[in-house]
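The chain contents come next:
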Amino acid sequence: RRKGLMIRISGFLCFAAIYDLACLIYIYLFIANTREGDGTQWMLATFWWLLQDGLFKPLALAAILGNVSSLALYFFPDIEREVEEKWCQAPLPKPA
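Sequence order as written defines the numbering, with residues in each chain counted from 1. Only residues with pLDDT of 70 or above have their local features reported here, since the model is predicted, and side-chain atom pairs are shown and tallied only from 80 upward, although totals for entire chains, interfaces and linings are computed over all residues. To obtain the side-chain values, all non-hydrogen atoms of the structure were used and water was disregarded.

A. Geometry of the overall build of the protein chain. For helices the rule is a DSSP run of H or I covering at least 4 residues; for strands it is a run of E covering at least 2, with both sets numbered from the N terminus onward. Within the protein chain one finds 3 helices and 0 strands. Listing the helices and strands of the protein chain from first to last along the sequence gives α-α-α. The globule rule is 2.2 Å times the number of residues to the power 0.38, and the radius of gyration it is compared with is taken over C-alpha atoms. Taking 12 Å as the expected radius of gyration for a compact globule of 96 residues, we find that the protein chain reaches 27 Å, considerably beyond that expectation. Seen through its C-alpha atoms, the protein chain measures out along the principal axes to roughly 70 × 55 × 15 Å. Only four residue types enter the charge count, namely Lys and Arg as positive and Asp and Glu as negative; His and the chain termini do not. A charged residue contributes its charge at one atom only: NZ of Lys, CZ of Arg, CG of Asp or CD of Glu. One finds the centroid of the 9 positive side-chain charges in the protein chain at a distance of 18 Å from the centroid of its 9 negative side-chain charges.

Take a look at the structure:
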């Protein structure tokens, strides 16, 4: 039984290595066939996409969710009490 598992694992790893190698060859052939101007545009597009997905979208989502939660606490103060009762050891003192 263990031998069969080892054969399946080895087969999977070989398939993954061959697939990885084929993907790398495809990417290298694609890059080799681009002109310098196309390569620069491709690099800038990739950089802009990473900047948007890695920085701008998370910051915008955090700002939106922060504002929504602040508005919810302002308009529905019962939420704050429920959260304090559920998660806090002792209720926080209310500001005077």
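And the narrative resumes.
B. Representation of the pattern of salt bridges. In what follows, salt bridge is the name for a side-chain nitrogen of Lys or Arg lying within 4 Å of a carboxyl oxygen of Asp or Glu. The final tally for this structure, using the stated rule, is 3 salt bridges. Where Asp53 meets Lys57, a salt bridge forms, and the shortest distance between an N and an O atom there is 3.0 Å. With Asp53 and Lys57 both in helix α2 (residues 36-75) and 4 residues apart, this pair spans about one turn of that helix. Its salt-bridge partner being Asp78, residue Arg81 comes within 3.1 Å of it at the nearest N-O pair. Pair noted here: Arg81 and Asp78 are both in helix α3 (residues 77-87), with a separation of 3 residues, about one helical turn.

C. Examining the packing of aromatic side chains more closely. Stacked, tilted and edge-to-face pairs are distinguished by plane angle, under 30 degrees for stacked and over 60 for edge-to-face with tilted covering the rest, among Phe, Tyr and Trp rings (Trp via its six-membered ring) whose centres lie within 6.5 Å. Considering all chains together, one arrives at 4 aromatic pairs under this definition. Between Tyr74 and Phe75, the ring centres sit 5.1 Å apart and the planes meet at 80 degrees, which makes this aromatic pair edge-to-face. A relative accessible area of 55% places Phe75 in the exposed class. For every residue, the accessible area obtained with a 1.4 Å probe (protein chains only) is divided by the maximum for its type, and the residue is called buried under 20%, exposed over 50%, and partly exposed between those limits.

D. Broad picture of the packing of α2 against α3. For helices, the fitted line uses only the C-alpha atoms of the stretch in contact; every axis is such a line through C-alpha atoms, and the angle between N-to-C directions lies from 0 to 180 degrees. At a minimum axis distance of 4 Å, the contact between α2 and α3 shows a crossing angle of 100 degrees. In this view, α2 runs roughly perpendicular relative to α3, as classed from their interaxial angle. Listed contacts from α3 to Ala72, Leu73, Tyr74 and Phe75 of α2 are Pro77, Ile79 and Glu80. Its residues assigned to classes, the contact of α2 with α3 shows 6 nonpolar, no polar and 1 charged. Note that the term roughly parallel is reserved for angles under 35 degrees, roughly antiparallel for angles over 145, roughly perpendicular for angles of 65 to 115, and oblique for everything else. Here, two residues are considered to be in contact whenever any of their heavy atoms come within 4.5 Å of each other. Residue polarity follows a fixed list, in which Ala, Val, Leu, Ile, Met, Phe, Trp, Tyr, Cys and Pro are nonpolar, Asp, Glu, Lys and Arg are charged, and the others, Gly among them, are polar.

E. The arrangement of a nonpolar patch on the surface in detail. Patches were defined on residues exceeding 30% relative accessible area and lacking a salt bridge, with like-charge contacts within 9 Å and nonpolar side-chain contacts (Val, Leu, Ile, Met, Phe, Trp, Tyr) within 5 Å. The Shrake-Rupley method, run with a 1.4 Å probe, gives the accessible areas here. Residue values count only the displayed protein chains as cover. A cluster of nonpolar side chains, Leu71, Leu73, Tyr74, Phe75, Phe76, Ile79, Val83 and Trp87, forms an exposed patch at the surface whose accessible area comes to about 920 Å². Within the residue set of the nonpolar patch, elements represented by two or more residues are α2 and α3. Examining the composition of the nonpolar patch, we find that 4 residues originate from one element, α2, more than from any other. With respect to the element layout, Trp87 can be found in helix α3. Looking at Trp87, the relative accessible area reads 64%, which means it is exposed.

F. Fine view of α2. Expected helix span is given by 1.5 Å per residue-to-residue step, counting one fewer step than there are residues. With 40 residues, α2 should cover 58 Å at 1.5 Å per step; its first-to-last C-alpha distance of 57 Å lies within 8% of that length. To obtain the bend at a residue, axes are fitted to the seven residues ending there and to the seven starting there, and the angle between these axes is taken. Most pronounced at Gln52, the bend in α2 amounts to some 35 degrees.

These figures capture arrangement, not role.
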